[in-house]
Amino acid sequence: MQIEARNVSFRYGEKSPWILKDVSLKVEEGERVGLIGPSGYGKSTLVKILAGYLRPLEGEILLDGKPLPEKGISPVQLIYQHPEKAINPRWKMKKVLEESGMCREEVMDALGIEREWLQRYPRELSGGELQRFCVARSLFHGTHFLFADEMSTMLDVITQAQIWNLMLKEVTQRRLGLLMVTHNSNLAKRVCTRMVDLSEINHKEERTSM
Ligand SMILES: Nc1ncnc2c1ncn2[C@@H]1O[C@H](COP(=O)(O)OP(=O)(O)OP(=O)(O)O)[C@@H](O)[C@H]1O
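Residues numbered from 1 in each chain as written. Predicted model: local features only at pLDDT ≥ 70, side-chain atom pairs only at ≥ 80, totals over all residues. Heavy atoms only, no water.

## Regarding the overall build of the chain
For the chain, the helix and strand inventory stands at 8 helices and 9 strands. In terms of overall size, the chain behaves like a compact globule, its C-alpha atoms giving a radius of gyration of 17 Å where 210 residues would be expected to give roughly 17 Å. If one aligns the C-alpha atoms of the chain with their principal axes, the spans along those axes are about 60 × 35 × 30 Å. Counting all 210 residues of the chain, 49% fall into the buried class. Once local pairs closer than 6 in sequence are excluded, the contacts in the chain between residues at least 24 apart make up 74%. Of the roughly 10,600 Å² of accessible surface on the chain, a fraction of 49% belongs to carbon and sulfur atoms. Positive and negative side-chain charges in the chain, numbering 30 and 28 respectively, have mean positions lying 2 Å apart. (Helix = DSSP H or I, 4+ residues; strand = E, 2+ residues; numbered from the N terminus. Rg over C-alpha atoms; globule rule 2.2 N^0.38 Å. Buried < 20%, exposed > 50% of the residue type's maximum accessible area, 1.4 Å probe, protein only. Contact = heavy atoms within 4.5 Å. Areas by Shrake-Rupley, 256 points an atom, 1.4 Å probe, with all protein chains shown as cover. Lys, Arg positive; Asp, Glu negative; His and termini not counted. Charge placed at Lys NZ, Arg CZ, Asp CG, Glu CD.)

The structure is reproduced here in structure tokens:
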């Protein structure tokens, strides 16, 4: 499988400056790509577009040459920096996991998810504890591509290592495609098979100066 951003352009408002202009990027199954670039340059925006959370104003996102499916749980999963925004506040954690069909014991153990947390609401967990649920959920059996947007920045070093060890094991064994946004070059070197610098594939400066 392959996911592709083809000639994607985006801005947040009609009069706002272009954030992305004519950006093309492909990620193949089994690849682990690190997306880097200056702060505020559009990395998170591109990842949200690739995952189908935002629609491009020009260009398209193609999964094996077809538009992303609109129904069902997406084969493209995004884990962001703010787990509290990604989880339904009215559901207990058990229901959150059940909805995705992701209740593998070994994943919960590897992530250090305590079973007692399953009976709690999101507001009753810390950011790090919630993020483990977001990671667990993203690994449901239908996932083909995982996008991690600075997902471990808020976590302590031990939890970061725990989460990344599991992610790497799953990504390698299942040959998932991974796109990670990070400012941590040591982590990127350990995890990624290829690096992409957004400033090299984004043509916004060329167009806006015309
Ligand atoms: N919802 C929004 N509405 C308006 N502007 C936004 C919105 N989200 C982001 N932006 C702007 O779009 C630009 C790109 O933001 P984005 O978060 O994609 O950058 P980034 O490269 O991921 O940054 P960082 O490395 O600092 O996380 C920034 O100038 C930001 O202020």
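## Focus: the pattern of salt bridges
Tallied over the entire structure, the rule returns 12 salt bridges. Close ionic contact of Arg 6 with Glu 4 constitutes a salt bridge, the shortest N to O distance being 3.2 Å. The salt bridge partner of Glu 105 is Arg 115, with a shortest N-O separation of 2.8 Å. Taken together, the positions of Glu 105 in helix α3 (residues 105-110) and Arg 115 in the loop between α3 and α4 (127-138) put the pair 10 residues apart, joining distant regions of the chain. Each of Arg 104, Glu 106, Glu 170 and Arg 174 takes part in one network of salt bridges that share partners. (Salt bridge = Lys/Arg side-chain N within 4 Å of Asp/Glu carboxyl O.)

## Side note on the site of the ligand
Within the structure, the ligand sits among Tyr 12, Ile 19, Pro 38, Ser 39, Gly 40, Tyr 41, Gly 42, Lys 43, Ser 44, Thr 45, Glu 150 and His 183. Between the ligand and Tyr 41 there is a distance of 3.1 Å, counted from an oxygen atom to a backbone nitrogen or oxygen. Within the backbone of Gly 42, a nitrogen or oxygen atom sits 2.9 Å from an oxygen atom of the ligand. When the residues that make up the shell around the ligand are grouped by side-chain class, the tally is 4 nonpolar, 6 polar and 2 charged. (Near = heavy atom within 4 Å. Polar contact = N/O pair within 3.5 Å; in protein donor to acceptor, adjacent residues only side chain to side chain. Nonpolar A, V, L, I, M, F, W, Y, C, P; charged D, E, K, R; others polar.)

## Side note on the nonpolar core
With 37 residues, the main nonpolar core has Phe 133, Trp 164 and Met 167 as its most contacted residues. If you list the elements that add at least two residues to this core, you get α2 (93-100), α3, α4, β7 (145-149), α5 (157-174), β8 (177-181) and α6 (185-191). Ranked by residue count, the leading element in this core is α5, at 6 residues. Not counting chain neighbours up to four residues away, the residues in contact with Met 167 comprise Ile 79, Val 135, Leu 146, Met 151 and Leu 178. Counting residues in each nonpolar core, the second largest holds 29 residues, with Ala 5, Tyr 41, Phe 145 and Phe 147 among its members. (Core = buried A, V, L, I, M, F, W, Y, C linked by side-chain atoms within 4.5 Å.)

## Quick notes on the sheet that holds strand β3 (residues 32-36)
One open sheet holds the 5 strands; their spatial order is β6-β7-β8-β3-β9, and the pairing between them is parallel. In the strand order of this sheet, the two ends are held by β6 (76-79) and β9 (194-197), each with one partner. Each strand axis lies, on average, 20° off the axis of its neighbour in the sheet, ignoring direction. Two strands pair when backbone bridges link them, and β7 and β8 are joined in this way by 5 bridges, in the parallel orientation. By the bridge assignment for β8, Phe 147 is matched with Leu 179. Sitting on the sheet, α5 is in contact with β3, β6, β7 and β8, with an inclination near 150° to β8. (Pairing = 2+ DSSP bridges. Axes fitted to C-alpha atoms, helices over the stretch in contact; angles between N-to-C directions.)

## Some remarks on the sheet that holds strand β1 (residues 2-10)
Sheets are built from strands paired through backbone hydrogen bonds, the pairs being either parallel or antiparallel. With antiparallel pairing, the 4 strands of this open sheet are ordered in space as β2-β1-β4-β5. With partners counted over all chains shown, the strands left at the sheet margins are β2 (20-28) and β5 (66-67), one partner each. With 2 bridges joining them, strand β4 (residues 58-63) and β5 adopt antiparallel strand pairing. The partner of Leu 63 across the bridge, within β5, is Lys 66. Lying over the sheet, helix α1 (residues 43-50) contacts β1, β2 and β4, oriented at roughly 125° with respect to β1.

None of this, on its own, says anything about what the molecule does.
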